[in-house]
Amino acid sequence: MKNIGKVINVDIEILGGTPVFCGTRVPVKNLFDYLETGETVDDFLRDFDSVKSYQAIHVLEMSKKLFETSSAIPV
């Protein structure tokens with residue numbers, strides 16, 4: 001079992017190792033699915049009340065940092 005920043009949990013025993021928000025069975029991918037369809041973070045948090053707002057915000061911040069770092073690499 002891996003715990004990434006105490007926000008994301010990856011455990012083969014939980015949804016076959018799908019990354020989920022710690023303390024939940026909510027896949028992190030669900031947050032991005034919501035945003036992709038035009039829904040807001042607040043919509044996501046309302047529908048998945050076991051996810052804390054700091055968790056969703058932290059995941060988005062981590063993603064932004066990854067993107068900023070990787071965008072310096074030529075494609």
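The structure we're discussing is the one just above.
A brief look at the structure comes next. (Residues numbered from 1 in each chain as written. Predicted model: local features only at pLDDT ≥ 70, side-chain atom pairs only at ≥ 80, totals over all residues. Heavy atoms only, no water.)

## Here's the deal with the overall build of the protein
A count of helical and extended segments in the protein gives 3 helices and 3 strands. Listed N to C, the secondary structure of the protein is β-β-β-α-α-α in terms of helices and strands. Taking all 75 residues of the protein together, 28% fall into the buried category. Across the protein, contacts joining residues at least 24 apart in sequence account for 27% of those joining residues at least 6 apart. Approximately 5300 Å² of the protein is accessible, and the part contributed by carbon and sulfur atoms is 59%. (Helix = DSSP H or I, 4+ residues; strand = E, 2+ residues; numbered from the N terminus. Buried < 20%, exposed > 50% of the residue type's maximum accessible area, 1.4 Å probe, protein only. Contact = heavy atoms within 4.5 Å. Areas by Shrake-Rupley, 256 points an atom, 1.4 Å probe, with all protein chains shown as cover.)

## Remarks on the environment of Val28
Structurally, the position occupied by Val28 is in helix α1 (residues 28–36). Spatially, the C-alpha atom of Val28 lies 7.6 Å from that of Ile8, the residues being 20 residues apart in sequence. Excluding residues within four positions of it along the chain, Val28 makes contact with Ile8, Pro19, Val20, Phe21 and Val59.

## So, the pattern of salt bridges
All chains considered together, the criterion is met by 3 salt bridges. Among the salt bridges present, the one from Asp33 reaches Lys29, with a minimum N-O distance of 2.9 Å. Residue Asp33 and its partner Lys29 are located together in helix α1, separated by 4 residues, close to a single helical turn. For Glu68, the salt bridge goes to Lys64, with nearest N and O atoms at 3.9 Å. Placement of both Glu68 and Lys64 in helix α3 (residues 53–70) is noted, with a separation of 4 residues, approximately one turn of the helix. With relative accessibility at 52%, the residue Lys64 sits in the exposed group. (Salt bridge = Lys/Arg side-chain N within 4 Å of Asp/Glu carboxyl O.)

## Section: α1
All of the buried residues in α1 are Val28, Asn30, Leu31 and Tyr34. Down the axis, α1 shows its buried residues gathered within 160° of arc, on one side only. Summarising the geometry of α1, the exposed residues directed more than 90 degrees from the buried face are Lys29 and Glu36. Buried residues in α1 make contact with β2 (8–10), β3 (20–21), α2 (41–47) and α3. Backbone geometry just after α1 places Gly38 at a positive phi near 90°. (Arc of directions from axis to C-beta.)

## With respect to the nonpolar core
Of all hydrophobic cores here, the largest spans 12 residues; its members are Val7, Ile8, Phe21, Val26, Val28, Leu31, Tyr34, Phe44, Leu45, Val51, Ala56 and Val59. Counting residues per element, the ones that place at least two in this core are α1, α2 and α3. Sort the elements by how many residues they give to this core and α1 lands first, with 3 residues. Residue contacts for Phe44: discarding those within four places in its chain leaves Phe21, Val26, Asn30, Leu31, Tyr34 and Val51. (Core = buried A, V, L, I, M, F, W, Y, C linked by side-chain atoms within 4.5 Å.)

Worth remembering: the numbers are spatial, not functional.
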